[in-house]
Protein chains: 2
Amino acid sequence: MVTTNPNTLATFDLKSYLTQRAAEIEAALDSSLPVVYPEQIYESMRYSLMAGGKRLRPILCLATCEMLGAPSSLAMPTACALEMVHTMSLIHDDLPAMDNDDYRRGKLTNHKVYGEDVAVLAGDALLTYAFEYIATQTPQSPSQVQSKAPEKGPEKGSEKALEKGPITAADKSTAQPQQVLKVIASLARAVGAAGLVGGQIVDLDSEGKAIDENTLTYIHMHKTAALLEVSVTSAAILAGADQTVIDRLTRYAQRIGLAFQIVDDILDITSTAETLGKSVGKDIAVQKATYPRLWGLEASQRKAQQLVDEAIAQLDIFDQQAQPLVAIAQYITARKY
Amino acid sequence: MVTTNPNTLATFDLKSYLTQRAAEIEAALDSSLPVVYPEQIYESMRYSLMAGGKRLRPILCLATCEMLGAPSSLAMPTACALEMVHTMSLIHDDLPAMDNDDYRRGKLTNHKVYGEDVAVLAGDALLTYAFEYIATQTPQSPSQVQSKAPEKGPEKGSEKALEKGPITAADKSTAQPQQVLKVIASLARAVGAAGLVGGQIVDLDSEGKAIDENTLTYIHMHKTAALLEVSVTSAAILAGADQTVIDRLTRYAQRIGLAFQIVDDILDITSTAETLGKSVGKDIAVQKATYPRLWGLEASQRKAQQLVDEAIAQLDIFDQQAQPLVAIAQYITARKY
């Protein structure tokens, strides 16, 4: 086992990495959803899907896939689906009956542009399209034979064949149907009543109440961490990782998910609407339970840093390959918006 | 090819069949969704999922599965998922921002009981759970080997083995993962922007407008027929039917779907709130486009009957096995609620 070298990490250019990855994802999302009749629903779906944002979930998915030696193309449909699901949750969350937000990422929210009825339907359509997209677009093995197909012998004079190590991207460029099914089941669980929706329900129920730390942690683990968790574990499933690896990635994601939400709550207090691109101070206005409210700002910041350190420790077995995931974890506490 | 004998069909007891099937489906739905923390979301989901209704979609799914020689257990998770998706569409459709209905199946609508925020989330959770349920609960082959596994020789003295014909339910009791993926993709397409949601969008856009027959047919084919279509084709996919059979079933479902919606529109005019269990006369009140409005009541009734006849004609190759699907088609034009 090789421990991660902090000096090497320092040289990793996260900004360039995120920019390049986000550009790939924008292109993939753009081509995932052409506008056809009836145009209004596709335009509404695209309005929110293409509204920018950090693309953190798809980036985590692609980065994990590559860390495990599989090409990012294997996970790209799942990465797009993660953003579709995330976008759905934002559209429905912004509705007047929910958080009643007029702005999101510096733009009018979906229902302010298209009306509440279309916004509800656009969310439904994005959610269901996410599953369709994974099922139909994930590169799948032409044969569904479970036992590994005998590997082809090295091609004559092929440099690529000579370079072939025990695990290469070429071996992992497609998934078996049962792996794709597992990804679908994991994503569905992460977004449903046992995941994101469950977190939102407890969150709504907690407004204006004095809730304990356990309840607050439940909210964050489900409302935020569940989708981040499936962002990395879905890639691991597709790349054929074993359970030890999936468990490490689960712990990594849970910790950055919780840290992410704590930082979100902190930014709601310390940031400005201009920087954040959405309304601020709302949590306090509606007496929403947050970590800063429970512990104060400084203790919340310390806790976020501790979680990020723990998350990074889960990645030590991956050495250099973990650079993007390590840097993303560090970025979470450092971010200003 | 043996043509269906009308005399035999007349003896089929549809009422008993529907009652028995509905009871099976109620039990399966009941056990599909236990109430756990956070209870409110599961109670809200169950409130609408267990609110009765005809269970037409799951019944079509199970009937098709058995018609094609597979046991209904193979399609039961998909049948439940169809009802989850249908229930989601009703919950969201009833929202104030959509049709704004207070009653559904004689009970208060979901948002009247749980609030709009919970109703939006309950719909989201049911939609995503439908996909999880198919992916995890469909009986799947232990081996993912595509080529047919060599059949075991008959067990000594086993009557079951001796009874075995060329196609038996036992051969079709499980599905391959790629068949399950195909069902998920078909269901997702049927409910999304290319299906149900697309139909709802055009429907909403048409209120108070003079629309032509093509637009009206688009609405019905997507808002109603798409989900009925996938109810039968999903079962056909699981049972391993060939494309000819799937095409026939598609035509069957499209015709009964359209007929079903025409009859729905007729009942909105001719029935009473007591019989129907929901508000009546609403279509006229909001100047909604309907077939009766376009053609008049009598011509609409004739068209519905013609569609049902065409639907039944698609089933002639299945002889006696088609009895339930034939009777269901006939029931659509005869129903009073």
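Use the structure listed above.
Here the structure is a predicted model, which is why all the values come from computation and not from measurement.

**Examining the overall build of chain A**
- Within chain A, the regular secondary structure consists of 17 helices and 2 strands.
- Long-range contacts, defined as pairs at least 24 residues apart, comprise 76% of the intrachain contacts of chain A with a sequence gap of at least 6.
- Accessible surface, chain A as shown: approximately 14,200 Å² in total, 51% of it carbon and sulfur.

**Considerations on the interface of chain A and chain B**
- With 49 residues of chain A at the contact, the number on the chain B side is 50 residues.
- For the pair chain A and chain B, the summed buried area comes to about 4,100 Å², and 73% of that belongs to carbon and sulfur atoms.
- The interface formed by chain A and chain B contains 2 salt bridges.
- Between glutamate 132 of chain A and arginine 189 of chain B there is a salt bridge, with the nearest N and O atoms lying 3.7 Å from each other.
- For the pair chain A and chain B, the interface holds 4 residue pairs in polar contact (both at pLDDT 80 or more).
- For the side of chain A that touches chain B, the elements supplying multiple residues, two or more each, are α3 (39-49), α5 (72-93), α7 (116-137), α9 (177-191), α10 (196-206) and α11 (213-238) of chain A.
- Residue contributions to the side of chain A that touches chain B peak at 13 residues, all from α7 of chain A.
- Counted by class, the side of chain A that touches chain B contains 31 nonpolar, 13 polar and 5 charged residues.

**Things to note about the relation of the copies chain A and chain B**
- If you rotate chain A by 180 degrees and push it 0.0 Å along the axis, it lands on chain B with an RMSD of 0.0 Å. As the rotation angle and translation indicate, the two copies are arranged about a two-fold axis.
- When the interface residues of chain A are mapped onto chain B, 100% of them again lie at the interface, so the same face is used by both copies.

**Here we look at the packing of aromatic side chains**
- All told, the structure shown has 11 aromatic pairs over all chains when counted by the stated rule.
- Taking the centre distance of 4.9 Å and the plane angle of 80 degrees together, the rings of tyrosine 37 of chain A and tyrosine 218 of chain B count as edge-to-face. Here tyrosine 37 of chain A is found in the loop between α2 (14-32) and α3, whereas its partner tyrosine 218 of chain B is found in helix α11 (residues 213-238) on a different chain.
- What makes tyrosine 37 of chain A partly exposed here is its relative accessible area of 43%.

**Thoughts on unusual backbone geometry**
Residue and element names in this part refer to chain A.
- A cis amide bond, omega -5 degrees, links tyrosine 37 with the succeeding residue proline 38.
- Tracing the sequence through the fold places proline 38 in the loop between α2 and α3.
- Despite not being glycine, arginine 55 shows a phi value in the positive range, around 55 degrees.
- Within the secondary structure, arginine 55 sits in the loop between α3 and α4 (56-67).
- Residue classification places arginine 55 among the buried residues on the basis of a relative accessible area of 1%.

**Thoughts on the pattern of salt bridges**
- The tally for this structure, following the rule as stated, stands at 26 salt bridges over all chains.
- Between glutamate 26 of chain B and arginine 55 of chain B there is a salt bridge whose closest N-O contact spans 2.6 Å. Taken as a pair, glutamate 26 of chain B in helix α2 (residues 14-32) and arginine 55 of chain B in the loop between α3 (39-49) and α4 (56-67) lie far apart in primary sequence, 29 residues in all.
- We note a salt bridge from glutamate 83 of chain B to arginine 105 of chain B, for which the minimum N-O separation is 3.8 Å. Placement of the pair is glutamate 83 of chain B in helix α5 (residues 72-93) and arginine 105 of chain B in the loop between β1 (103-104) and β2 (107-108), with a sequence separation of 22 residues.
- A relative accessible area of 1% places glutamate 83 of chain B in the buried class.
- The class of arginine 105 of chain B is partly exposed, set by a relative accessible area of 25%.
- Among the charged side chains, a salt-bridge network with shared partners connects Glu26, Arg55, Glu83 and Arg105 of chain A.

**A look at helix α12 (residues 243-270) of chain A**
- Compared with the 40 Å implied by 1.5 Å per residue over 28 residues, the 40 Å span of α12 of chain A between its first and last C-alpha is a close match.
- Where α12 of chain A begins, the capping side chain belongs to aspartate 242 of chain A, and its oxygen is found 3.2 Å from the backbone nitrogen of threonine 244 of chain A.

Conventions adopted
- Residues numbered from 1 in each chain as written.
- Chains lettered and ligands numbered in written order.
- Predicted model: local features only at pLDDT ≥ 70, side-chain atom pairs only at ≥ 80, totals over all residues.
- Heavy atoms only, no water.
- Helix = DSSP H or I, 4+ residues; strand = E, 2+ residues; numbered from the N terminus.
- Contact = heavy atoms within 4.5 Å.
- Areas by Shrake-Rupley, 256 points an atom, 1.4 Å probe, with all protein chains shown as cover.
- Buried area = accessible area lost by both parts, 1.4 Å probe.
- Salt bridge = Lys/Arg side-chain N within 4 Å of Asp/Glu carboxyl O.
- Polar contact = N/O pair within 3.5 Å; in protein donor to acceptor, adjacent residues only side chain to side chain.
- Nonpolar A, V, L, I, M, F, W, Y, C, P; charged D, E, K, R; others polar.
- Least-squares fit on C-alpha atoms with pLDDT ≥ 70 in both.
- Phe/Tyr/Trp six-rings, centres within 6.5 Å; stacked < 30°, edge-to-face > 60°.
- Buried < 20%, exposed > 50% of the residue type's maximum accessible area, 1.4 Å probe, protein only.
- Expected span 1.5 Å × (residues − 1).

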